[in-house]
Amino acid sequence: MQLFFEITDGDRQGARFQIKPGLSIGRRNADILLRDSKVSSRHAIIESRENDSLYLVDKGSSNGLKIDGQKVPDVLLVPGVKVQLGRTFLQVIDMEVAAIDLGAEVIETWPEALQRIVLLAKTKSKPEKREVTAFNPMVTLKFLQGPQTGTEWKLGYGPRAVGSASLDLQLDDVSAPDVCFELIPKRSGPAFRTAHPDLVKLNGREFREEDVSDGDIIEIRKTRIQILLTDE
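Quick notes on the rules
- Residues numbered from 1 in each chain as written.
- Predicted model: local features only at pLDDT ≥ 70, side-chain atom pairs only at ≥ 80, totals over all residues.
- Heavy atoms only, no water.
- Helix = DSSP H or I, 4+ residues; strand = E, 2+ residues; numbered from the N terminus.
- Buried < 20%, exposed > 50% of the residue type's maximum accessible area, 1.4 Å probe, protein only.
- Areas by Shrake-Rupley, 256 points an atom, 1.4 Å probe, with all protein chains shown as cover.
- Phe/Tyr/Trp six-rings, centres within 6.5 Å; stacked < 30°, edge-to-face > 60°.
- Lys NZ or Arg CZ within 6 Å of the ring centre and 35° of its normal.
- Pairing = 2+ DSSP bridges.
- Axes fitted to C-alpha atoms, helices over the stretch in contact; angles between N-to-C directions.
- Core = buried A, V, L, I, M, F, W, Y, C linked by side-chain atoms within 4.5 Å.
- Contact = heavy atoms within 4.5 Å.
- Lys, Arg positive; Asp, Glu negative; His and termini not counted.
- Salt bridge = Lys/Arg side-chain N within 4 Å of Asp/Glu carboxyl O.
- Polar contact = N/O pair within 3.5 Å; in protein donor to acceptor, adjacent residues only side chain to side chain.

1. With respect to the overall build of the protein
Here comes step 1: Along the backbone of the protein there are one helix and 23 strands.
Here comes step 2: Out of the 232 residues belonging to the protein, those deemed buried represent 45%.
Here comes step 3: Just so you have it, the protein exposes about 12,400 Å², and 47% of that area is on carbon and sulfur atoms.

See below:
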């Protein structure tokens, strides 16, 4: 099974997030951010328990987790389960049996996506060896628009690859290129690189490679990502 959370009621209704052990959910300081004043800063976390079962576990939040209006300390994540955090309702769906429907543009099931990823891996040449280097300054990718709106990725090292089939940083948009862009550490600071300048634009312009600055915007179809640079 390939489990996802889908927001069925709340500020980000329709957004989907892949369920993985260790991911936290909250209003701030969390991997999945919910714009909900009734959600705590770090409300809950996904844990793997016996037989690799996944649970959503309350982390001492003010309003807790609720199933059918009743507070519970944790929730077993299986398809069909619907859990409430604050005013937000999350339903567990299995992407192996549910098509990913992105408007009228793409309908692709998870097995089809997996087959495409495997085929891509088989046809790629031996990867180029790259030295892993710390970003200076550190990079944060903040999603302003698209299926992952509100998500933030804090990147301390690179190079890092972002795309629909990336095993590093995966976009929840199967209509996007398999690898949309990379962020490369350089002495002058982080640099943006893409093989798809017609589809992946930096500040509305087409570049194959360009140094990035704080506040730059990357656009990929319906997704907009802001680049934030910090010295922390």
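2. Describing the packing of aromatic side chains
Here comes step 1: One pass over the structure, following the stated rule, counts two aromatic pairs.
Here comes step 2: When the centroid spacing of 4.9 Å and the interplanar angle of 80 degrees are considered together, the rings of Phe-143 and Trp-153 count as edge-to-face. One end of the pair, Phe-143, is in strand E14 (residues 133-145); the other, Trp-153, is in strand E15 (residues 152-158), and 10 residues separate them in sequence.
Here comes step 3: For Phe-143, a relative accessible area of 2% corresponds to the buried category.
Here comes step 4: Directly above the aromatic system of Tyr-55 lies the positively charged group of Arg-49, at a separation of 4.6 Å from the ring centroid.
Here comes step 5: Over the ring of Tyr-157 we find Arg-160; its NZ or CZ atom is 4.4 Å from the centre of that ring.

3. Some details on the sheet that holds E15
Hydrogen bonds between backbone groups are what pair the strands of a sheet, and the pairing can be parallel or antiparallel.
Here comes step 1: An order of E15-E14-E23-E22-E20 is seen for the five strands of this open sheet, with the pairing classed as antiparallel. Across the chains shown, the open sheet's two edge strands, defined by having one partner strand only, are E15 and strand E20 (200-202). Strand after strand, the sheet turns through a mean of 25 degrees between neighbouring axes, direction not considered.
Here comes step 2: The pairing of strand E22 (residues 217-220) with strand E23 (residues 223-230) spans four bridges and is antiparallel. For Glu-219, the partnering residue across the bridge sits in E23 and is Arg-224.

4. A few points about the nonpolar core
Here comes step 1: If you look at the biggest cluster of nonpolar residues, it comprises 23 residues, and the most contacted ones within it are Leu-141, Leu-171, Phe-181, Phe-192, Ile-218 and Ile-220.
Here comes step 2: Counting residues per element, the ones that place at least two in this core are E14, E15, strand E18 (181-184), E20, E22 and E23.
Here comes step 3: For this core, the element with the highest residue contribution is E14, accounting for four residues.
Here comes step 4: If near-sequence neighbours (up to four positions away) are discounted, Leu-141 is found in contact with Thr-151, Glu-152, Trp-153, Leu-155, Val-162, Phe-181, Leu-183, Ile-225, Gln-226 and Ile-227.
Here comes step 5: In this structure, Ile-32, Val-39, Ala-44 and Val-83 belong to the second largest nonpolar core, which totals 22 residues.

5. Notes on the sheet that holds strand E1 (residues 3-9)
Here comes step 1: The strand order E2-E1-E11-E10-E7-E8 describes an open sheet built from six strands, whose pairing is antiparallel. Of all the strands in the sheet, just strand E2 (16-18) and strand E8 (70-72) have a single pairing partner and so form its edges. If you compare each strand with its neighbour and ignore which way they point, the axes differ by 35 degrees on average.
Here comes step 2: As defined by bridge partners, E1 adjoins strand E11 (residues 88-94) across six bridges and the pair is classed as antiparallel. Looking at the pairing, Phe-4 lines up with Ile-93 of E11.

6. A closer look at the side chain of Asp-216
Here comes step 1: On the secondary structure map, Asp-216 appears in the loop between strand E21 (209-211) and E22.
Here comes step 2: Buried charge without a salt bridge: Asp-216, with Arg-205 as the nearest opposite-charge side chain at an N-O distance of 9.8 Å.
Here comes step 3: Within the structure, Asp-216 has its side chain in polar contact with the side chain of Asn-203 (distance 3.1 Å).
Here comes step 4: Residues contacting Asp-216, with those up to four places away along its chain left out, are Leu-202, Asn-203, Asp-211, Ile-225, Gln-226 and Ile-227.

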